[in-house]
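Topology and contacts: notes
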Amino acid sequence: MKGKFEKIKSVIPSGCDGILLTSEVNEYYATAFAYTDGYAFVTPDKTYLITDSRYIEAAQASEGTVKVELKSGVLKELFTSLNVKAVGFEDLCVTVAELARFKEQFPEVEFVPIGGAVDKLREFKDKDELDCIVKAQSIADKAFEHILGFISTDKTEKEVAIELEVFMRTHGAESAAFETIAVSGTASSMPHGVPRDVKVQKGFLTMDYGATFNGYRSDMTRTVVVGKADEDMKKLYNTVKLAQQAALDRAVPGADLGELDKTARDIIDKDYAGAFGHSLGHGVGLYIHEAPSVSSRSTAKLSKGHVITIEPGIYLFGKYGCRIEDMVLHYEDGCRDISASPKELIEI
Ligand SMILES: [Mn+2]
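Definitions and cut-offs
Residues numbered from 1 in each chain as written. Predicted model: local features only at pLDDT ≥ 70, side-chain atom pairs only at ≥ 80, totals over all residues. Heavy atoms only, no water. Helix = DSSP H or I, 4+ residues; strand = E, 2+ residues; numbered from the N terminus. Rg over C-alpha atoms; globule rule 2.2 N^0.38 Å. Areas by Shrake-Rupley, 256 points an atom, 1.4 Å probe, with all protein chains shown as cover. Lys, Arg positive; Asp, Glu negative; His and termini not counted. Charge placed at Lys NZ, Arg CZ, Asp CG, Glu CD. Donors = N, O, S within 2.8 Å, 3.2 Å for Na, K, Ca; no water. Buried < 20%, exposed > 50% of the residue type's maximum accessible area, 1.4 Å probe, protein only. Pairing = 2+ DSSP bridges. Axes fitted to C-alpha atoms, helices over the stretch in contact; angles between N-to-C directions. Contact = heavy atoms within 4.5 Å. Phe/Tyr/Trp six-rings, centres within 6.5 Å; stacked < 30°, edge-to-face > 60°. Salt bridge = Lys/Arg side-chain N within 4 Å of Asp/Glu carboxyl O.

1. What to know about the overall build of the protein chain
A count of helical and extended segments in the protein chain gives 10 helices and 19 strands. In terms of C-alpha radius of gyration, the protein chain reaches 23 Å, essentially the compact-globule figure of 20 Å for 348 residues. Of the accessible surface of the protein chain, which amounts to about 15,300 Å², a share of 52% is contributed by carbon and sulfur atoms. Side chains of the protein chain give 41 positive and 54 negative charges; the mean places of these two sets differ by 2 Å.

Rendered as structure tokens:
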């Protein structure tokens, strides 16, 4: 994998000699190398990967960038050697104090805010990025198959969450994509509940988790039933499933993202008005939540390179809840739901 030099180069503001990236996620996007301290400086000619001694040796192995070891005065040397007069900076994440320090260090350089210009590029994934997300999702799908044989009322919610994470990490994931959710019984009514040190309760068990591969994330949710589902639970589950399928069917090139949300919401609202509190979905990439959002307020169209989740849910406070989540990727030639895990009601 290589950094996205050509793309980032295209958003260097006119009159600027380069963009100084300071957010970890955009530094990774520029260099395809993960480091927590330093900068990436993208000029019209090159990407400079600037990081300290803890990372510099490993960084040598990454392709397509000029490595610069971060030491006192090194940024000044670089700016002087490149005759830098104006620099784009990430005003969405640079702190007021950092900007003041830059201006003090480089009184002769103009700092130009770029807003979300690089984040906007990340919204539209290339083939190599989509491939990483597919790989991450395939690891998560395998973990689902595995966890079905692990779940029992003898295990705690936390053990279920940890088992998913260990499985993913031992099957090719760098890490979990985010804090794994595994909530059962009445706790399943909390969309982002935290796994507890209590044994898995009978009833719905919702697992929301993902894998990270080459920095790219996957996101999926499945709800299973521990024990037997009664008629109310079946109706609720099937309503979520139907709402999700209706939105998935409409997730085609050019689809209005606000309409997707409405499609699922209208189905749920018929019998469960107000029980679907969150939006239908979100973009996924180097961040687990990124553009585009898929909500009632969305006006964007599903476009090439978009990666979105479709995740309706029904949550009855104090009783139980259910969510089903897949990822849809917009390839060159159309959209594909890449989540392979089954969705028929599973009773364990
Ligand atoms: Mn999600």
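2. Details of the coordination of the manganese ion
Each protein donor to the manganese ion is listed here as D219 (OD), H282 (NE2), E311 (OE) and E325 (OE); together their distances run 2.0 to 2.3 Å. Spacing between the donor residues of the manganese ion along their common chain follows D-x62-H-x28-E-x13-E. Note that E311 is positioned in the loop between β15 (307-310) and β16 (313-316) and E325 in the loop between β17 (320-323) and β18 (326-331), a separation of 14 residues in sequence. Exposure class is identical for E311 and E325. Each is buried.

3. Overview of the sheet that holds strand β6 (residues 110-113)
Taking strand neighbours across the sheet as the criterion, the 6 strands line up as β4-β3-β2-β1-β5-β6 in an open arrangement whose pairing is mixed. Two strands bound the open sheet, and with one partner strand each, they are β4 (66-69) and β6. Neighbour-to-neighbour, the strand axes of the sheet open up by a mean angle of 25°, direction not taken into account. Pairing of strand β1 (residues 18-21) with strand β2 (residues 39-42), which is carried by 3 bridges, proceeds in the antiparallel orientation. Counterpart to I19 in the pairing with β2 is V42. Across the sheet, helix α2 (residues 24-31) lies against β1, β2 and β3 (47-51), angled at about 50° from β2, the strand it touches most.

4. Overview of the sheet that holds strand β10 (residues 211-213)
The sheet built from 3 strands is open, its strands ordered β7-β10-β11 with antiparallel pairing. Of all the strands in the sheet, just β7 (175-176) and β11 (216-217) have a single pairing partner and so form its edges. In the sheet, β10 pairs with β11 via 2 bridges, with the strands oriented antiparallel. Directly across from T212, in β11, lies its bridge partner R217.

5. Notes on the packing of aromatic side chains
All chains considered together, the criterion is met by 9 aromatic pairs. On the numbers, 5.1 Å between centres and 50° between planes, the contact of F41 with F79 is tilted. Of this pair, F41 sits in strand β2 while F79 sits in helix α4 (residues 74-81), placing them 38 residues apart in sequence. The pair formed by F41 and F79 is uniform in burial state, with each residue classed as buried. With 5.5 Å between their ring centres and 10° between their planes, F102 and F111 make a pair best called stacked.

6. Comments concerning the pattern of salt bridges
For side chains of opposite charge, pairing can occur when their charged atoms come near one another. In total, this model carries 26 salt bridges according to the counting rule given. A salt bridge links E63 to K2; its shortest N-O distance comes to 4.0 Å. Of this pair, E63 sits in the loop between α3 (53-59) and β4 while K2 sits in the segment before α1 (5-9), and the two are 61 residues apart along the sequence. For the salt bridge of K120 with E123, the shortest nitrogen-to-oxygen distance reads 3.1 Å. Here the residue K120 and the residue E123 both occupy positions in helix α6 (residues 117-123), the gap between them amounting to 3 residues, near one helical turn. Overall, the relative accessible area of 48% leaves K120 in the partly exposed class. Since its relative accessible area comes to 5%, E123 is described here as buried.

In short, geometric facts, not functional conclusions.
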